Amino acid sequence: MDLAAVALLVSLISVSLSADNAGGKVRSCADVRQFYSGKGFTLNGVPQSEISGEHLRICPQGYTCCTIAMEETLSNLSRREFEGLVREAGRSIQASLNAQYRTFDTYFLELLNGSERWLEEAFVVALGDLYQPNAGVFRDLYSDLRRYYSGASLNLEEVLDEFWMRLLERLLKASDPETASLLSDDFLECASKQTETLHPFGDAPRELKTKLVRAFIAARAFIQGLNVAGEIVRKVSQVPLSLECNHAIMKLVYCPHCRGLGSVKPCINYCKNVMKGCLANQADLDTEWQSLIETMLQVASSFGAEPSMDTVIYSIPVRISEAVLTMQENMEIYTSKVFKACGDRGEEGTPSSISEEPKMKESIVTALEYKPSPKSAARLEVQVTDVSSKLKEMQFYWIQLPSALCSGKTASSTNGDKCWNGITKASYLPEVMGDGLANQINNPEVEIDITKPDRTIRQQIMLLKITSNRLKNALDGNDVDFQDTSDDFSGSGSGMCADHLCIRGRPPVFGPKTDRPKLYAYGPENKRVKGSVNQIQPSVILLVLLLATLLLRR
């Protein structure tokens, strides 16, 4: 192109940009001065009427009411305002996620506390003074369950295995209190190992482990997912604007004022292209973000599947009762085999020293599953429904954000010719770009190097993948941090367990009690009604019967 053609092109552009000044009439800058002072800036240096705009670096260089200092000031203001809008939108999502976190966390801990309270109240009534000195074995179990749920580095399967071993030790000592002190650690360790083949507690430990591990893995992964999602939104919402994006936002928002078109709204497609360009890296979160939300919805739905989460947690005392009843029925056979495998427990600790007093008849006792009341089931349904609806609302957040930021600030008509198009008051012709960094290669409004993605956002995308993977494993009952390598839940997990987390002192053994206790145990939401057989929870009576029987067989 020769110099004459260039000169002609520049002349035509100048004529176009100064169309509003046709006839040589100079317009007043009163509206701009009022707008500028309304933003809190001093009017020193602000023109009274339009001046030539060759000095402008961002806005079109036609006649203008903005000096270069005003342009820089408004550019900085547009950056702060835009970053503030992105952070505010993020805070709204964070607040929703935090509210869901608190609601679910409160609900889950109430379930766990209620289960422990139910067990303890029943045992205190039945055992009286005998319970408190020996409550540690049960309290430690619930304490470890809370710690695991809260994120402690515990292998939940090992926690349950240790609980049953400790309970077995207490019951072995209680079977003959006079010789309990003669039981060596080696003997007790050997006896514990026999559980793998003798199964003194029957199927209760396996059933409890299978259901409880799955429920707790899902609950912990879900609560961590809510926490991680909120943290990702916080970090991504604080990513600063690039210089190119800052210029595009300034051109979109405040250049109309410099051109004397402050009352003209931006064209909607023009605004979308600016926002899609400025939020291109954020939009790349969409695929993994949707995957995370979808997986969390599946996990939330699993809470109500049979057996429901509340049923599993309130069945802990039931399973313990069933296990103890099974051991009571097979105590003599079990101890005989243990002595044969592990040797005598002392001079008075041979099998012949076991009392031959007749056993108490327990055939009238039947173990029942805990059945949640309609109120409990309804509350769980409300929890699942509420969290699911909130998650669905934010599933497309990152790709909807550009349109949301343009909403209410742009011209209503997509093909109108009375909107700000970045140069003047006219229609906007370019097509709207797609979502994500790769689609911005031809964005006419924001210059972006698509080969240089934002590092912070890429890190958050990887974190989304990791969290989604953890949740998908949780749906299958697998803890990715302590994933079991066995074919079923009957064995111990393969995770590490620090000594200070897994080893506890042994509480005192059960002492003698001559009175045979009576226990009427009620479900956590049932009212106590005297004389009502249906209100009794026989599952809790089982442990009491065993303890009474063992202590009376001295």
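This text gives an overview of the structure that appears in the document. On a predicted model such as this, the values are computed, not experimentally measured, just so you know. (Residues numbered from 1 in each chain as written. Predicted model: local features only at pLDDT ≥ 70, side-chain atom pairs only at ≥ 80, totals over all residues. Heavy atoms only, no water.)

What follows concerns the packing of helix 13 (residues 286-302) against helix 17 (residues 374-393). Taken N-terminus to C-terminus, the directions of helix 13 and helix 17 make an angle of 170°; their axes are 10 Å apart at the nearest point. Viewed along their axes, helix 13 and helix 17 adopt a mutual orientation that is roughly antiparallel. Residues I293, M296, L297, A300 and S301 of helix 13 form the contact with helix 17, whose own contacting residues are V384, V387, S388, L391 and K392. Grouping the constituent residues of the contact of helix 13 with helix 17 by class yields 7 nonpolar, 2 polar and 1 charged. (Axes fitted to C-alpha atoms, helices over the stretch in contact; angles between N-to-C directions. Helix = DSSP H or I, 4+ residues; strand = E, 2+ residues; numbered from the N terminus. Parallel < 35°, antiparallel > 145°, perpendicular 65-115°, else oblique. Contact = heavy atoms within 4.5 Å. Nonpolar A, V, L, I, M, F, W, Y, C, P; charged D, E, K, R; others polar.)

Right, let's get into helix 2 (residues 30-38). Buried residues of helix 2: V32, R33, F35 and Y36, and no others. Considered in projection along helix 2, the buried side chains sweep an arc of 165° and stay on one side of the axis. The exposed set on the far side of helix 2, more than 90 degrees from its buried face, consists of D31, Q34 and G38. Once helix 2 ends, the next one or two residues include G40, with phi positive near 95°. (Buried < 20%, exposed > 50% of the residue type's maximum accessible area, 1.4 Å probe, protein only. Arc of directions from axis to C-beta.)

Under the definition given, this model contains 18 salt bridges. When the shortest N-O distance is used, the salt bridge between K39 and E81 registers 3.5 Å. On the criterion of sequence distance, the pair formed by K39 in the loop between helix 2 and helix 3 (68-127) and E81 in helix 3 is long-range, its members being 42 residues apart. Residue classification places E81 among the partly exposed positions, given a relative accessible area of 30%. Residues joined by salt bridges that share partners form a network here, namely E207, R319 and E322. (Salt bridge = Lys/Arg side-chain N within 4 Å of Asp/Glu carboxyl O.)

Next up on the list: the nonpolar core. With 128 residues, the main nonpolar core has F216, F222, W289, I320 and L391 as its most contacted residues. Those residues in contact with F222 that sit more than four places away from it in its chain are F104, M296, V299, A300, F303, V387, L391 and L471. (Core = buried A, V, L, I, M, F, W, Y, C linked by side-chain atoms within 4.5 Å.)

In this section: the environment of V86. Secondary-structure assignment places V86 in helix 3. The spatial distance from the C-alpha of V86 to the C-alpha of Q238 is 7.9 Å, given a sequence separation of 152 residues. Setting aside anything within four residues of it in sequence, one finds V86 in contact with S237, L279, Y397 and L405.

Time to look at the environment of G260. Note on placement: G260 falls in the loop between helix 10 (255-258) and helix 11 (268-278). Residue class for G260 comes out partly exposed when judged on its relative accessible area of 40%. The sequence separation of G260 and C65 amounts to 195 residues, and the corresponding C-alpha distance is 7.1 Å.

This part takes up the packing of aromatic side chains. This structure, assessed with the given rule, holds 15 aromatic pairs. Between the aromatic rings of F104 and F108, the centroid separation amounts to 6.1 Å while the plane-to-plane angle is 25°, which identifies the pairing as stacked. On the criterion of helical spacing, the pair formed by F104 and F108 is a turn pair, its members being 4 residues apart in helix 3. Of the residues examined, F104 reaches a relative accessible area of 5% and is grouped as buried. The exposure class of F108 is buried, given its relative accessible area of 0%. Ring centres of Y397 and W398 lie 4.7 Å apart, and the angle between their planes is 70°; on these two criteria the pair is classed as edge-to-face. Judged by its relative accessible area of 9%, Y397 falls in the buried class. The exposure class assigned to W398 is buried, which follows from its relative accessible area of 1%. Taken together, the aromatic side chains of F104, F108, Y149, F216, F222 and F303 make up a single cluster linked through ring pairs. Here the guanidinium or amino end of R220 rests over the ring plane of Y148, the centre of that ring lying 3.9 Å away. (Phe/Tyr/Trp six-rings, centres within 6.5 Å; stacked < 30°, edge-to-face > 60°. Lys NZ or Arg CZ within 6 Å of the ring centre and 35° of its normal.)

Attention now goes to helix 13. Along its 17 residues, helix 13 runs 24 Å from first to last C-alpha, staying within 8% of the 24 Å computed at 1.5 Å per residue. Among the residues of helix 13, D286, E288, W289, Q290, L292, I293, T295, M296, L297, V299 and A300 are the ones counted as buried. (Expected span 1.5 Å × (residues − 1).)

Structurally, S96 can be placed in helix 3. Look at S96 and you get buried, because its relative accessible area is 18%. For S96, the residues in contact, after removing those within four places along its chain, are K390 and M394.

For the structure on display, the rule yields 6 disulfides. Disulfide pairing is shown between C66 and C258; the S-S distance is 2.0 Å. Across the disulfide from C66 to C258, rotation about the S-S bond amounts to roughly -85°, and the bridge is consequently left-handed. Taken together, the residues C66 in the loop between helix 2 and helix 3 and C258 in helix 10 connect sequence positions 192 residues apart. This pair shows no difference in class: C66 is buried, exactly as C258 is. (Disulfide = S-S within 2.5 Å.)

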